[in-house]
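These are the residues of each chain, in order.
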Amino acid sequence: MNATGEQHDADCALRMEGVTKTFPGVRALDGASLSVGRGEVHGLVGENGAGKSTIIKILAGVYHADAGSVSVDGEPLERIDPASVHRLGVRFIHQEISLVPHFSVAESVFLGQEQTGRLGTAKRAMRERAETFLAETLGVELDGRALVRDLSVAERKLVQIARALIDGRAKLVVFDEPTAVLAAAEVKTLFTAIDTLRRAGKSMLYVSHYLNEIHQICDRVTVFRNGADVGVVDLRQPQQPQVRVPEIIRLMVGRDIGDLYPQRRRSERTRDALEVAGLDDGHRLRGVSLTVGAGEVVGLTGIIGSGRAELVDSLYGLRKIRAGKITVDGEPARTNSPARAVRSGLALVPRDRRNDGLVLDMTVADNVNLATLEEVSTLGWLNRAAAGRRGEELMERLDVRPRGSHAVSRLLSGGNQQKVVLGRWLASQASVYVLDDPTVGVDVGARSEIYRLIADLAQAGAGVLMCSNDPAELLGMCDRILVMVRGRIIADIAAADTDHEHLTALATGGAEAA
Amino acid sequence: MTAETPAPSRADSAAPTASQARSAWSRRIFDVVSRYGFVIVFFAFAVFFALRADAFLNPSNLVNILEGNAVLLIAALAMTLVVASGGIDLSIGIAIDFGGWFAIIAMRDYDLTWASALLVGVLAGAAVGVLNAGLIVRLKISPFLATLGTFFIGSSIQQIYTSGGGQVPFREMSESFRSLSTGAVLGVPTEIVIAAVVGVVYFVLLERSVHGKRIHAIGLQRSVASVSGIRVSGYLVFVFVFASATVALSGIILTAGLRQFTPLSGFSYLLDAIAAVFIGASMHPQRRPNVAGTLLGVLFLGVVSNGLNLMGLDFNLRDALEGIILVGALALAFANRNNRARAVSI
């Protein structure tokens, strides 16, 4: 027995067996196993709370398992701490990007592993190596002197990856939701980088909510449910995603969730909820015009740098505009501050949920009521019973788990946090909802509920502008899709007239045409 | 396939039950100590003083403690509001000074009634807040630096117009004005009554009104407040102006008691006020500045100085104790927070 086990271990870059971890009141892992073959890209999926993050934190030495064994490259680890895992060549690309905003790209890449020359740190050498590495392995041209705070989120992600891999000693790279912040084109860049690494013989563990990505780049995928592994799906056999993805979903949720996207009754457009004409900020936006009808869901896509983010910010008064007109429900809207935008009938679900979406240290009820406190108060005196009641009602309607409007928002999972942000605006009855990447980092189950909510909003007569870089989601939800390239809207197409490839080509290929 | 690999780390898998139980207990004790530690220490001090100094529990001494700290309480409440909004106000001393100074000038040089003088003083304090708010909201200077600037400017103005810090006496002060400090309402010293009214106003504002919710949201995560349509700049202007106007009141009480204005005397309240706010915040489950906590913080400082005084001990010990308690309370609060964060962020 022992011999076969060891032999098996030798083929594995990583082998975790029977891992159990209990937190006060929660059994996060219950005998979970996970093994990654040498040179393999191995996917790890599961709903929020299935134990993915916990097992990765155990591997990283952040938590210590109550029971179970871990071996890296056939070498059993007794006590895992961050330094020893690092020594064995395990590298983590965490979901959160932790870079110092005022450091340059080169400084960030070499932080803690500075190269030294005769005169202290070898700045020039480090800059050149960082630039070369970013260009060759990750396929992105970045100035090594640029400051991190001036980079887009996607570029920061790539700097983060470069930082983990620059020493060339990585054997197993763990990606935790790497594409959550990336646009379609950058996802491609990342996949190219992963392919390069695969050819170099590195093993990879890839944690993601995006099943199409998993299907695209992983060799095998392990599915977690309720703290244990419930199956390994081999993706190398030639099978269509139509067969594989539902199989994975079934394993993840333990049931068929039916259609991910709700059936929507598409009605004739009667009036415009939002009309934007010639929006220009003199920099990233060059005369953007668009309309969103009442009861319509309009998609907006565009790679990082296309001006998509700037457009959303301008609509909502977070960014100054030079020229252009915004009309909400037929009334000209002065949206030079978010407070004004809200009063004109706009509601924003921001892309950066943890920084802009929720006051993490406030209770769920407080967060839900934050935008509409007048409605649960008399003459400024907060009616706490009414506020609590409304919090409960919305949690019930949104199926936020765990229930209890007095829970601190920080403790909710990503999907549930997003539902709370949506809930805040459901209470406000806005006429136009701008949803910026509403399902990033949200698991399949919660995602289908969020889609249903969006459909309900449109059904009730609101206009929805849904910004996303997930073509499947746009095609599944939207009536029309707008594609932005370099500060202009280059396409306005009915969702029925386009497909996945066409959209991606428009968003990325449009750049060549311009 | 799933060969049982007898890994060494499994050997101790049977042990947890006993040690887990032990750690659960120590965690619970730790929780209680860190949450109520300050209250325990507070009562320990009170009991200690009561045993060692007979006069301590004397009702008139307790009233003394309250009366002697009414001014600090008002300043600390104002600071609570500012800290809740995510800022700090280093210039409360200036607003205290301006309140008393302008009230005296109004009565002495312009013969205004005591009520008008009170209003003039409060407006003078509010003016300090307006300057702060302008620097912070318009010029986007951080509250720390903006109010530091105001502090320097305000100090200099006082020195220039009082020939380098000379006192501004006004012995012929009307009895009505003087009673703001020395009088009594239904047998309760006026100072205590004023401080209590301010306390109630701040409690309603910060803990029970929608505005308080919004101010807390701004302080905790400003971008979220902004995206939610809250007028962040408007609230910050209100917070700084209201806080300065409030502390001007305590300056007026001070001058009424002394029948003179002593330049730069407000500064001595700044650090105590900050300490009281943060001692109070350390008791809140989410470590937020709160009115009840601030009240406890101020009472603690008052009890310690009074007790040391009665026991004839070195009064300078008070500052050391204040420092130890402040740092201790914050350390416990943060240790506890880290502990909990680790336990739940699965």
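Everything numeric in this text was worked out from a predicted model, so none of it was measured. (Residues numbered from 1 in each chain as written. Chains lettered and ligands numbered in written order. Predicted model: local features only at pLDDT ≥ 70, side-chain atom pairs only at ≥ 80, totals over all residues. Heavy atoms only, no water.)

## Side note on the overall build of chain B
Step number 1: Each helix and strand counted, chain B has 14 helices and four strands in total.
Step number 2: Across the 346 residues in chain B, those meeting the buried criterion constitute 49%.
Step number 3: Long-range pairs, those at least 24 residues apart, make up 77% of the contacts in chain B between residues at least 6 apart in sequence.
Step number 4: Surface accessibility of chain B: about 15,900 Å² in total, with carbon and sulfur atoms responsible for 66%. (Helix = DSSP H or I, 4+ residues; strand = E, 2+ residues; numbered from the N terminus. Buried < 20%, exposed > 50% of the residue type's maximum accessible area, 1.4 Å probe, protein only. Contact = heavy atoms within 4.5 Å. Areas by Shrake-Rupley, 256 points an atom, 1.4 Å probe, with all protein chains shown as cover.)

## Digging into the overall build of chain A
Step number 1: Within chain A, the regular secondary structure consists of 18 helices and 24 strands.
Step number 2: Its C-alpha atoms give chain A a radius of gyration of 24 Å, near enough to 24 Å, the size a compact globule of 514 residues would have.
Step number 3: Dimensions of chain A along its principal axes, counting C-alpha atoms only, are 75 × 50 × 50 Å.
Step number 4: Looking at chain A residue by residue over its 514 residues, the buried ones come to 57%.
Step number 5: Partitioning the contacts of chain A with sequence separation of at least 6, the portion at a separation of at least 24 is 66%.
Step number 6: Element-wise, carbon and sulfur atoms account for 48% of the exposed surface of chain A, whose accessible area totals about 21,900 Å².
Step number 7: Here chain A contributes 63 positively and 67 negatively charged side chains, and the mean placements of these two sets differ by 4 Å. (Rg over C-alpha atoms; globule rule 2.2 N^0.38 Å. Lys, Arg positive; Asp, Glu negative; His and termini not counted. Charge placed at Lys NZ, Arg CZ, Asp CG, Glu CD.)

## Comments concerning the pairing of strand 13 (residues 272-280) of chain A
Residue and element names in this part refer to chain A.
Step number 1: Pairing of strand 13 with strand 14 (residues 286-293), which is carried by six bridges, proceeds in the antiparallel orientation. Across the sheet, the residue bridging to Glu275 is Thr291, located in strand 14.
Step number 2: Counting the residues in the hairpin turn of strand 13 and strand 14 gives five residues, including Gly282, whose phi is positive at 70°.
Step number 3: Of the strand pairs in this sheet, strand 13 and strand 16 (residues 323-328) are connected by five bridges, and their pairing is antiparallel. Residue Val276 lies in a different strand from strand 16, and its bridge partner there is Ile326. (Pairing = 2+ DSSP bridges.)

## Topic: the packing of aromatic side chains
Step number 1: Applying the stated rule across the entire model yields 17 aromatic pairs over all chains.
Step number 2: Summarising the aromatic geometry, the rings of Phe175(A) and Tyr206(A) are spaced 6.2 Å apart at their centres and angled 45° between planes, so their arrangement reads as tilted. Of the two residues, Phe175(A) is situated in strand 9 (residues 172-176) and Tyr206(A) in strand 10 (residues 203-207); the sequence distance between them amounts to 31 residues. Tyr206(A) matches Phe175(A) in its accessibility class, with the two residues each being buried.
Step number 3: Among the aromatic residues, those joined into a ring-pair cluster are Phe42(B), Phe43(B), Phe45(B), Phe48(B), Phe49(B), Phe56(B) and Phe300(B). (Phe/Tyr/Trp six-rings, centres within 6.5 Å; stacked < 30°, edge-to-face > 60°.)

## Some points on the sheet that holds strand 13 of chain A
Residues and elements named next belong to chain A.
Step number 1: The antiparallel open sheet is built from four strands, whose spatial order is 14-13-16-17. Of all strands in the sheet, those bounded by a partner on one side alone are strand 14 and strand 17 (331-332).
Step number 2: Its contacts with the sheet place helix 10 (residues 308-315) against strand 13, strand 14 and strand 16, and it is angled at close to 115° to strand 13. (Axes fitted to C-alpha atoms, helices over the stretch in contact; angles between N-to-C directions.)

## Points about the nonpolar core
Step number 1: With 127 residues, the main nonpolar core has Phe175(A) and Tyr206(A) as its most contacted residues.
Step number 2: The greatest single-element share of this core, amounting to eight residues, is contributed by helix 16 (residues 444-459) of chain A.
Step number 3: Membership of the second largest hydrophobic core comes to 91 residues, among which are Phe45(B), Ile88(B), Ala103(B) and Phe300(B). (Core = buried A, V, L, I, M, F, W, Y, C linked by side-chain atoms within 4.5 Å.)

## Regarding the domain arrangement of chain A
Step number 1: The domain architecture assigned to chain A consists of domain 1 (1-89 + 171-258), domain 2 (101-168), domain 3 (271-345 + 432-437 + 462-514) and domain 4 (351-429).
Step number 2: Domain 2 of chain A and domain 4 of chain A are separated by 40 Å when their C-alpha centres are compared. (Domains from an automatic or database assignment.)

## Thoughts on the sheet that holds strand 10 of chain A
Residue and element names in this part refer to chain A.
Step number 1: Reading across from one edge, 6-9-10-3-11-12 is the order of the six strands in this open sheet, with mixed pairing throughout. Looking at strand neighbours, the two that pair on one side only are strand 6 (90-93) and strand 12 (228-234), the edges of this open sheet. Here the strands of the sheet are splayed against their neighbours by 20° on average, with no regard to which way each runs.
Step number 2: Pairing geometry for strand 3 (residues 41-46) and strand 11 (residues 220-225), over five bridges, is parallel. Paired with Gly46 across the bridge in strand 11 is Phe224.
Step number 3: Where helix 2 (residues 52-60) meets the sheet, its contacts fall on strand 3, strand 6, strand 9, strand 10 and strand 11, and the angle it forms with strand 3 comes to roughly 130°.
Step number 4: Across the face of the sheet, helix 6 (residues 153-165) comes into contact with strand 6 and strand 9 while running at roughly 170° to strand 6.

## Notes on a nonpolar patch on the surface
Residues and elements named next belong to chain B.
Step number 1: Together, Leu131, Ile153, Ile157, Ile160 and Tyr161 line one region of the surface with nonpolar side chains, adding up to about 510 Å² of accessible area.
Step number 2: By residue number, the principal contributor to the nonpolar patch is helix 6 (residues 143-161), which donates four residues.
Step number 3: When its relative accessible area of 57% is taken as the criterion, Ile160 is described as exposed. (Patch = residues over 30% accessible without salt bridge, like charges linked within 9 Å, V, L, I, M, F, W, Y side chains within 5 Å. Salt bridge = Lys/Arg side-chain N within 4 Å of Asp/Glu carboxyl O.)

## Describing the environment of Asn416(A)
Residue and element names in this part refer to chain A.
Step number 1: Its place among the elements puts Asn416 in helix 15 (residues 414-426).
Step number 2: With a relative accessible area of 11%, Asn416 lands in the buried category.
Step number 3: Among all residues touching Asn416, those that are not within four sequence positions of it are Asp399, Val400 and Arg401.

## A word on helix 6 of chain A
Helical geometry: 3.6 residues make up each α-helical turn, so side chains three or four residues apart lie on a common side.
Step number 1: Taking 1.5 Å of rise per residue, 13 residues should cover 18 Å, and helix 6 of chain A covers 19 Å from first to last C-alpha, within 8% of that figure.
Step number 2: Where helix 6 of chain A is concerned, the buried positions are Ala154(A), Lys157(A), Leu158(A), Val159(A), Gln160(A), Ile161(A), Ala162(A), Ala164(A) and Leu165(A). (Expected span 1.5 Å × (residues − 1).)

## Focus on the packing of helix 12 (residues 267-283) of chain B against helix 13 (residues 291-310) of chain B
Residue and element names in this part refer to chain B.
Step number 1: At a minimum axis distance of 7 Å, the contact between helix 12 and helix 13 shows a crossing angle of 125°. Between helix 12 and helix 13, the interaxial angle falls into the category oblique. Relative to helix 13, the crossing made by helix 12 is right-handed. Across the interface between the two elements, Asp272, Ala276, Val277, Ile279, Gly280 and Met283 from helix 12 touch Gly293, Thr294, Leu296, Gly297, Val298 and Leu301 from helix 13. (Parallel < 35°, antiparallel > 145°, perpendicular 65-115°, else oblique. Left-handed = near helix turned anticlockwise from the far one by under 90°.)

## Considering the pattern of salt bridges
Residues and elements named next belong to chain A.
Step number 1: On inspection of all chains with the given rule, the structure shows 28 salt bridges over all chains.
Step number 2: Its salt-bridge partner being Arg198, residue Asp195 comes within 3.1 Å of it at the nearest N-O pair. On the criterion of helical spacing, the pair formed by Asp195 and Arg198 is a turn pair, its members being three residues apart in helix 7 (residues 184-199).
Step number 3: Where Asp470 meets Arg447, a salt bridge forms, and the shortest distance between an N and an O atom there is 3.9 Å. Within this pair, whereas Asp470 is found in the loop between strand 22 (463-467) and helix 17 (471-477), its partner Arg447 is found in helix 16, the two being separated by 23 residues in sequence. The exposure classification of Asp470 matches that of Arg447, with both residues buried.

## A few points about unusual backbone geometry
Residues and elements named next belong to chain B.
Step number 1: Unusually for a residue other than glycine, Asp111 sits at a positive phi of about 55°.
Step number 2: Within the secondary structure layout, Asp111 lies in the loop between helix 4 (92-110) and helix 5 (114-138).
Step number 3: A positive phi angle, near 50°, is found at Ser163, a position not held by glycine.
Step number 4: For Ser163, the location among the structural elements is in the loop between helix 6 and strand 1 (168-169).
Step number 5: For Ser163, a relative accessible area of 71% translates into the label exposed.

## A look at the confidence of the model for chain B
Residues and elements named next belong to chain B.
Step number 1: Per-chain confidence: chain B averages 85 in pLDDT, with 88% of residues scoring 70 or above.
Step number 2: Taken together, the stretch residues 1-16 has pLDDT below 50 and engages in 20 contacts with residues farther than four places along the chain or on a different chain.
Step number 3: Overall fold confidence (pTM) sits at 0.74, and the ipTM for the predicted complex is 0.73. (pLDDT = per-residue confidence, 0-100.)

## Describing the side chain of Arg208(B)
Step number 1: Looking at the secondary structure, you find Arg208(B) in helix 8 (residues 190-208).
Step number 2: Buried and unpaired, Arg208(B) has Glu207(B) as its nearest opposite-charge partner, separated by 5.7 Å.
Step number 3: Apart from the residues within four sequence positions on either side, Arg208(B) is in contact with Gly380(A), Trp381(A), Leu382(A), Arg384(A) and Phe203(B).

## Regarding a positive patch on the surface
Step number 1: On the surface, a cluster of positive charge is made up of Lys320(A), Arg138(B), Lys140(B) and Arg222(B).
Step number 2: Here Lys140(B) lies in the loop between helix 5 and helix 6.

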